[in-house]
Amino acid sequence: MDHNGQESGNMEEVKICDPSILPQCPDHTDTDVPSENHCVNEDHRTPSDPEGLLESADHSSEQDVLPQEPSTEMQKLHVEDDRSLCPGGSETDSGKASQDSALVDNSNDDSGEFVVTVLARGKMEEQGMGMKGASSPLSETGTPLGPPSHRNEDVTADSWRQHRKHVFVLSEAGKPIYSRYGSEEALSSTMGVMMALVSFVQSGDNIIRSVYSDEHTVVFMQRGPLVLVSVSCSRQSEQQLRNELVYVYNQIVSMLTQASITRIFEHKKNYDLRRLLAGSEKILDGLLNLVDSDPSFLLCAVHCLPLASSLRDSLSQILQKAITPNLVFSILIAKNQLLTIVQEKMVIDDARLEPADLHLLLNLIGASSAFQAGEIWTPICLPSFNPDCYFYAYISYLDPPECTVCLVLLSTDKEAFYSVAECKRKIEEAMQTQNALKSIAKAQSYSVSQVGVSDLRHFMYKPFDVPDNHRQLTQFTSPEMEAPYSSEEERMRLLDLYRDLHGRIHSASRPLKLIYHVAERETLLAWVTSKFELYTCFSPLVTKTCAINAITKLLRWIKKEEERLFIRYPPKYSTTPNPSRSSKTDAH
Amino acid sequence: MLMISPRMASGMQEKQYTPSLLSFFIYNPKFGPREGEEEKKILFYHPIEIEKNEKIRNVGLCEAIVQFTRTFCPTKPAKSLHTQKNRQFFHEPEENYWMVMVVRNPMVEKPNKDGKPPTVEYQEEEIIDSVYGSVLQQCYSMYKLFNGTFSRAFEAGGVELLTQKLEKFFYRYLQTLHLQSCDLLDVFGGISFFPLDKMTYLKIQSFVNRVEESLSLVKYTAFLYNDQLIWSGLEQDDMRILYKYLTTSLFPRHTEPELAGRDSPLRPEVAGNLLHYGRFLTGPANLKDPEAKFRFPRIFVNTEDSCEELHLIVYKAMSAAVCFMINASVDLNREFCEKLDSLVGPQLTLLASDICEQYNINRRISGPEKEPQFKFIYFNHMNLAEKSTIHMRKMASVSLTSVHPDLMKILGDINCDFARVDEDEEIIVKAMTDYWVVGKKSDQRELYVILNQKNANLIEVNEEVKRLCATQFNNIFFLD
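Residues numbered from 1 in each chain as written. Chains lettered and ligands numbered in written order. Predicted model: local features only at pLDDT ≥ 70, side-chain atom pairs only at ≥ 80, totals over all residues. Heavy atoms only, no water.

- Where UniProt is consulted, chain B appears under the name Vacuolar fusion protein CCZ1 homolog, with the organism given as Danio rerio.
- For the record of chain B, the UniProt heading Subcellular location holds the text "Lysosome membrane".
- A UniProt comment under Sequence similarities is attached to chain B, and it reads "Belongs to the CCZ1 family." (UniProt positions renumbered as here; feature names shortened; annotations may be inferred.)

- The name that an unreviewed UniProt entry assigns to chain A is Vacuolar fusion protein MON1 homolog, with the source organism given as Danio rerio.
- In its Function (unreviewed entry) section, UniProt records this for chain A: "Plays an important role in membrane trafficking through the secretory apparatus."
- Turning to chain A, the UniProt annotation filed under Sequence similarities (unreviewed entry) states: "Belongs to the MON1/SAND family."

Listed below in structure tokens is the structure:
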């Protein structure tokens, strides 16, 4: 009750401040410029940089955090919040006539942004999202708030033991860092045993890999100063569980960088990394939910939303035209699937965005409802690209309050917020002009029945043939899961069958070219060639002849539809300055 | 074992090392529960020269692993531990008695330039847990066959007697393990049955009945021909491990001398007996010898309930062997053995001759097979019947296979998949070498076929397997 009262008080406090901020905006900005610089410098020098900004992300959806922060933190958050509300502030300083006009526009934008933020928050609360344990005056219904937390689960209960998969992260010193179920404190002795096992085997000049019992597989993985352990009663192979631990490690790296983690533990072996990861548990929880339910992770590929190639090309062109120096990736996502991606030309020559990095980015966006509240500027490390450096990500939903279409702009310049935000506005304007959001809203996954094979229930197809010499983002396509895989339980069962096939066909010591498995409830076929990787699910009574004919038909259908199913010709842009741009600037 | 395969023109070679036994130990945590008493837990440890503290550490690791997995599943603790260099297998055959087998992973030793020591690369995924887990269980079953349970020895004479028995048995037994040859057949622990027409089978049945009536002391009998079982009066599980002992230990020891020339000094003396070819494989080597010993190995059967201790008499004439099992409380003497020899010898000789003649007639009718047309393994869980055209005749308990080891491992993988579910299933895979491997499971029967038809497609492979089932298993229905 008291806690709720405090929450309510905070909300009231924010409301009271709202009217006074807006009219004083210019003066307020002038006053805060020195403070902003100070904070920026401070951020740049300390390893806690990601913590601060991630806190900022959390702050916009968890008001209760504010009164508990130290004064410097409050100052930083305040600046951040202010910058969010007044993105055009720095431009007004010059006082030029042309920019006075811009000031007027910016004022309108500020107002719109604020209204959108309030509406978004209200919508979230109506949907039971947002602040934990808070009953807000904006919430008109009694719906439960947010998913139940596993943090306080009783680790001595049977229900804790019966989870399909436990994941633990600890430091070399045996310090608990993360646990999927149950609090790290309650599990510190169990994690201590894990570290003892690792150390013991290590002392014999050996490395512990895994432990098997009738029902469980325990996988150990050491990455630098961190030890990750998975305890699973699913039927996944050891290699698959290990790959999932790599994702967990990389998600942590994406928040902290590998160099930072290494440096921290070099300086203090006993460091409690939870201090830097506080508030990020739900990001790791979300990741582990995704790896179980999203085959993208198993296939190490990106799921593309099927889209007419003309619309996709149009969206790509919009992204191609909205550029600024140091922008390296522009990504458009809808319904957690990739719409299109544009890459800086020089980046393409040197490297490419790996599916694994995109998975981490998508999880970061999806795991935190904070991103739905407005625009976010956050550092993010892409470990497969470079595990030791940050990108800076501008993340914004283009269709509030539905929040299904998300724009991500990645820059190498920490100071580029305003210019990147300007790119977003250009993109938004162009999309409005073309009525793109409505077209995207109509796009959806396809049914397997479109293939026209009655015994075929589902498939996953991952092509290897690339039309150009580009090193392309690896993609896959898959229809909706329909009857008899409508329930969550049945969907998980089918994914488990696919995981079985994948584990056998990609076995490290004895890989296979083809698997045909007649089981009790379905018949499965997995086929890997130099051109594609295919997993199919048939009804149990399909004959082998019918299955082979179905696959022939399926491959033909995919070939016919490939322009719609995949991003075949990824576009690129160049952000290097050129004379024509300079000319434009002068004209402006 | 060391296999050398040349890799470089300069003569530098990669060396491939197969899996080998690193250590084997048995412990009971109840025997040393307090700190400082750890050594008391250890009942047996191989190799014997390992330093005491290292033994204690290695046992401690196993206890920690078992305890750790109990955190998540109290009733089903760890079965194996995988590390970079080795695999450890755990088996608790009796409450609190733990057996551990540590197998070194296969390795490839790669030469380095400039006289640097070679690089060792461990092949961590080559070992199949179900195969070596079964081998560990066999170790216990074999010990139990000759000694009864661990608890029995402990109750009879405490830890001292138990450790004596363990040392006596495992010191010799571990030397007979050939880990590089273990495969799917070790998972099955099956019995090869001799194909027989009804008339000959009835003759054997009649023979067994007559002998058991004349020698009323005989409680159980088993009849084998050519290392294949024809008849058994034992329970299935007991016959299973006894069969393994006979075919991998006792028979091979006596086969090699028999293959020697007639005038070889190794050949047993038969000058005094021209009436039949019968002789004892256990007990007295030569009845005519005044110094002959009448001590027979003792075995334990029905250990789950009555736990009977029996004398094991193995008597052989030509290719036919009979096991007679008599209660261990009975003293067997020269008179009894002479009576058995005079009764069984002539009849068994004639019977062996009849079986051989009938077998040759059948072979002549069906035509001799120089090379099996199909390479397959068949196993029936109900009667433990096992048949393999992949495995060549066993010599000195080393099993040789006629297919690439990777294909055997694929069979092992399919078997693991079948073991997970109760329903009938079929799995067909194409290996990277373009061999096809087909696994069928139906009504507690398992069939595995290896086909070398590189250009065949799935339909053709299926037709080929149908043909195999029609010719080899016409009485058995396999799900298609």
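## So, the overall build of chain B
In step 1: Within chain B one finds 10 helices and 20 strands.
In step 2: Counting only residues that meet the buried cut, chain B has 49% of its 480 residues in that class.
In step 3: Sequence-distant contacts, at least 24 apart, represent 59% of the contacts inside chain B between residues at least 6 apart.
In step 4: Summed over its atoms, the accessible surface of chain B is roughly 24000 Å², and 50% of this surface lies on carbon and sulfur atoms. (Helix = DSSP H or I, 4+ residues; strand = E, 2+ residues; numbered from the N terminus. Buried < 20%, exposed > 50% of the residue type's maximum accessible area, 1.4 Å probe, protein only. Contact = heavy atoms within 4.5 Å. Areas by Shrake-Rupley, 256 points an atom, 1.4 Å probe, with all protein chains shown as cover.)

## Brief notes about the side chain of Thr474(A)
In step 1: With respect to the secondary-structure elements, Thr474(A) resides in the loop between strand S12 (456-463) and strand S13 (475-476).
In step 2: Excluding residues that lie within four positions of it along the chain, Thr474(A) makes contacts with Cys300(A), Ala301(A), Val302(A), Arg352(A), Pro355(A) and Lys462(A).

## A word on the interface of chain B and chain A
In step 1: With 50 residues of chain B in contact, the opposing surface of chain A contributes 46 residues.
In step 2: Between chain B and chain A, the buried area comes to about 4500 Å², and carbon and sulfur atoms account for 60% of it.
In step 3: Taken together, the links from chain B to chain A amount to 10 salt bridges.
In step 4: For Asp500(A), the salt bridge is made with Arg420(B), and the minimal N-O distance between the two is 3.2 Å.
In step 5: Taken together, chain B and chain A are joined by 26 residue pairs in polar contact (both at pLDDT 80 or more).
In step 6: When residues of the side of chain B that touches chain A are traced back to their parent elements, those giving at least two are helix H2 (52-70), strand S5 (78-83), helix H9 (405-420), strand S18 (425-431) and helix H10 (458-472) of chain B.
In step 7: In the side of chain B that touches chain A, the residues fall into 22 nonpolar, eight polar and 20 charged.
In step 8: As defined by bridge partners, strand S14 (residues 512-518) of chain A adjoins S18(B) across six bridges and the pair is classed as antiparallel. (Buried area = accessible area lost by both parts, 1.4 Å probe. Salt bridge = Lys/Arg side-chain N within 4 Å of Asp/Glu carboxyl O. Polar contact = N/O pair within 3.5 Å; in protein donor to acceptor, adjacent residues only side chain to side chain. Nonpolar A, V, L, I, M, F, W, Y, C, P; charged D, E, K, R; others polar. Pairing = 2+ DSSP bridges.)

## Focus: the side chain of Thr324(A)
In step 1: With respect to the helices and strands, Thr324(A) occurs in the loop between helix H14 (309-321) and strand S7 (327-334).
In step 2: Taking relative accessible area as the criterion, Thr324(A) reaches 10% and is therefore assigned buried.

## A closer look at the pattern of salt bridges
In step 1: On inspection of all chains with the given rule, the structure shows 55 salt bridges over all chains.
In step 2: Ionic pairing is found between Arg235(A) and Asp500(A), a salt bridge with its closest N-O pair at 2.5 Å. Here Arg235(A), found in the loop between strand S5 (226-232) and helix H9 (238-256), pairs with Asp500(A), found in helix H19 (residues 488-505); they are 265 residues apart in sequence, far enough to count as distant.
In step 3: The exposure class assigned to Arg235(A) is partly exposed, which follows from its relative accessible area of 40%.
In step 4: Residue Asp500(A) is classed as buried on the basis of its relative accessible area of 17%.
In step 5: In the salt-bridge network here, residues are joined through shared partners; they are Arg235(A), Asp500(A), Arg504(A), Arg510(A), Asp413(B), Asp417(B) and Arg420(B).

## Looking at a nonpolar patch on the surface
In step 1: A cluster of nonpolar residues, Met199(B), Tyr201(B) and Leu202(B), forms a patch on the protein surface that exposes about 310 Å² of accessible area.
In step 2: As for its position among the elements, Leu202(B) is in helix H6 (residues 198-214). (Patch = residues over 30% accessible without salt bridge, like charges linked within 9 Å, V, L, I, M, F, W, Y side chains within 5 Å.)

## Notes on H6(B)
Residue and element names in this part refer to chain B.
In step 1: Along its 17 residues, H6 runs 24 Å from first to last C-alpha, staying within 8% of the 24 Å computed at 1.5 Å per residue.
In step 2: Within H6 the residues assigned to the buried category are Thr-200, Ile-204, Phe-207, Val-208 and Val-211. In an axial view of H6, the angular spread of the buried residues amounts to 95°, which keeps them on one side of the axis. In this structure, H6 carries Lys-198, Met-199, Leu-202 and Glu-213 as exposed residues pointing more than 90 degrees from its buried face. (Expected span 1.5 Å × (residues − 1). Arc of directions from axis to C-beta.)

## Focus: the sheet that holds strand S4 (residues 217-223) of chain A
In step 1: Strand order in the open sheet formed by 10 strands is S2(A)-S1(A)-S5(A)-S4(A)-S3(A)-S5(B)-S6(B)-S7(B)-S3(B)-S4(B), and the pairing between neighbours is antiparallel. The open sheet has two free edges, formed respectively by strand S2 (176-179) of chain A together with strand S4 (42-46) of chain B, since each of these has just one partner strand. Across this sheet, the average inter-strand angle for adjacent strands is 15°, counted without regard to direction.
In step 2: Sheet topology note: the S4(A)/S5(A) ladder contains seven bridges and is antiparallel. From the neighbouring strand, Phe220(A) faces S5(A), where its bridge partner is Val229(A).
In step 3: Each of strand S1 (165-171) and S2 of chain A touches helix H12 (residues 281-293) of chain A; the most contacted strand, S2(A), lies at about 45° to it.
In step 4: Contacting strand S3 (208-213) and S4 of chain A together with strand S3 (20-27), S4, S5, strand S6 (86-94) and strand S7 (97-104) of chain B, H2(B) runs over the sheet at an angle of about 75° to S3(B). (Axes fitted to C-alpha atoms, helices over the stretch in contact; angles between N-to-C directions.)

## Some details on the environment of Ala278(A)
Residues and elements named next belong to chain A.
In step 1: Tracing the backbone through its elements, the reader meets Ala-278 in the loop between helix H11 (274-277) and H12.
In step 2: Look at Ala-278 and you get partly exposed, because its relative accessible area is 37%.
In step 3: Separated by 100 residues in the primary sequence, Ala-278 and Tyr-178 have C-alpha atoms spaced 9.9 Å apart.

## A look at the environment of Gln347(B)
Residue and element names in this part refer to chain B.
In step 1: Assignment of secondary structure puts Gln-347 in helix H8 (residues 334-366).
In step 2: Sequence spacing of Gln-347 and Ala-317 is 30 residues, and the spatial spacing of their C-alpha atoms is 9.4 Å.
In step 3: Residues within four places of Gln-347 in sequence aside, it is in contact with Phe-207 and Arg-210.
In step 4: A polar side-chain atom of Gln-347 sits 3.1 Å from the main-chain carbonyl oxygen of Leu-343.

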